[in-house]
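# Working through the structure, step by step
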Amino acid sequence: DCGDVSMPRVNPDLAHKKIYESVRTVLEAGITPILCGGDRSISIPAAKALSDHLGVDKKMGYMHLGAHLDMSDSWAGERYLTTCAMARITELKNLAPENTSHIGARNSFNPKDHFDLAKERNLEFVPMFQVLERGVDDVMEKEVRRVWDGTDGQYLSFNFNVMDSSAAPGVTATEPGGLESR
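Summary of the structure given here.

## Focus: the sheet that holds strand β2 (residues 95-105)
Across the sheet, four strands lie side by side as β3-β2-β1-β4; this open sheet has parallel pairing. Bordering the open sheet on either side are β3 (125-127) and β4 (153-158), each of which pairs with just one other strand. Mean inter-strand twist for the sheet, computed between neighbouring axes without regard to direction, equals 10 degrees. The sheet contact formed by β2 and β3 spans three bridges and is parallel. Among the inter-strand pairings, His102 is bridged to a residue of β3, identified as Phe125. Running over the sheet, helix α2 (residues 43-54) touches β1 (60-65) and β4 and is turned about 170 degrees from β4. Packing against the sheet, helix α6 (residues 136-148) makes contact with β1, β2, β3 and β4, and its axis sits at approximately 150 degrees to β2.

## What about the pattern of salt bridges?
Under the criterion given, the structure shown has 13 salt bridges. As a salt-bridge pair, Glu91 and Arg88 come within 2.9 Å of each other at their nearest N and O atoms. A salt bridge links Arg145 to Glu141, with the shortest nitrogen-to-oxygen separation between them at 3.3 Å. With Arg145 and Glu141 both in helix α6 and four residues apart, this pair spans about one turn of that helix.

## What about the environment of Pro8?
For Pro8, the location among the structural elements is in the segment before α1 (12-28). For Pro8, a relative accessible area of 25% gives the class partly exposed. For the pair formed by Pro8 and Lys18, sequence separation is ten residues and the distance between their alpha carbons is 9.4 Å. If we skip the residues at most four places from it in the chain, Pro8 touches Leu14, Ala15 and Lys18.

## Side note on the packing of α1 against α2
Taken N-terminus to C-terminus, the directions of α1 and α2 make an angle of 40 degrees; their axes are 8 Å apart at the nearest point. By the angle class used here, α1 and α2 are oblique. For the pair α1 and α2, the crossing hand works out as right-handed. The segment α1 lies against α2, with His16, Ile19, Tyr20, Val23, Arg24, Leu27 and Glu28 engaging Pro45, Ala46, Lys48, Ala49, Leu50, Asp52 and His53.

## Brief notes about the nonpolar core
In terms of nonpolar packing, the biggest core is built from 23 residues, with Ala47, Met60, Tyr62, Met71 and Tyr155 touching the most fellow members. The set of elements that each furnish at least two residues to this core consists of α1, α2, β1, α3 (85-89), β2 and α4 (112-120). Tallying contributions element by element places α2 first for this core, with five residues. When sequence neighbours within four positions are dropped, the list of residues in contact with Tyr62 reads Arg40, Ser43, Ala47, Met86, Ile89, Leu95, Asn99, Thr100, Ser101, Val147, Tyr155 and Ser157.

## Considerations on unusual backbone geometry
With a phi angle near 55 degrees, Asp70 is a residue other than glycine that sits in the positive phi range. The topology assignment puts Asp70 in the loop between β1 and α3. Judged by its relative accessible area of 5%, Asp70 is buried. In this model, Asn122 sits at a positive phi of 60 degrees, which is unusual for a non-glycine residue. Assignment of secondary structure puts Asn122 in the loop between α4 and β3. Looking at Asn122, the relative accessible area reads 55%, which means it is exposed.

## Comments concerning α1
An α-helix turns once every 3.6 residues. As a result, residues three or four positions apart point the same way. The end-to-end C-alpha separation of α1 is 24 Å, in line with the 24 Å expected for 17 residues at 1.5 Å each. Buried residues along α1 sit against α2. Of the residues flanking the end of α1, it is Gly30, one or two places downstream, whose phi is positive at about 80 degrees.

Conventions and cut-offs
- Residues numbered from 1 in each chain as written.
- Predicted model: local features only at pLDDT ≥ 70, side-chain atom pairs only at ≥ 80, totals over all residues.
- Heavy atoms only, no water.
- Pairing = 2+ DSSP bridges.
- Helix = DSSP H or I, 4+ residues; strand = E, 2+ residues; numbered from the N terminus.
- Axes fitted to C-alpha atoms, helices over the stretch in contact; angles between N-to-C directions.
- Contact = heavy atoms within 4.5 Å.
- Salt bridge = Lys/Arg side-chain N within 4 Å of Asp/Glu carboxyl O.
- Buried < 20%, exposed > 50% of the residue type's maximum accessible area, 1.4 Å probe, protein only.
- Parallel < 35°, antiparallel > 145°, perpendicular 65-115°, else oblique.
- Left-handed = near helix turned anticlockwise from the far one by under 90°.
- Core = buried A, V, L, I, M, F, W, Y, C linked by side-chain atoms within 4.5 Å.
- Expected span 1.5 Å × (residues − 1).

Treat this as a map of the structure, not an account of what it does.
This is the structure we're talking about:
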């Protein structure tokens, strides 16, 4: 445990800079960082830190499990928010669409423009109804290969809202119809 990174409460740009620097420090020490807490925007500087650590000659893989695509190009004029996380991460130069996976998208917090940007960037995603139809094992076997095979470093993001509201009632933006104990 490297401890908490002290976060400024009113300066998101400084918070993202501190996250980036902390993840780079941990990676340079040869340790796998695990980040807990915060909103999905923490993945933007953390994934960039991994991307920069690997360098442009190496391939990165990225997997996100969550109810929302987070593919807004901007939200209220801002580009580095939770709703924009996948949009920013998929711009990383060493992350190819064939090494990117999103699992569990569902419901109303996925507006059409998020799907449009995902399609424009050739991103495939597995919506929750497919996870439930095909089964978690089948989906994960294929998607893990997609993200890990042929890549030099991988980023895994698990948003608890991928779980059904009954299984994770304390998360923000809970959505019914997600993964549950069965």
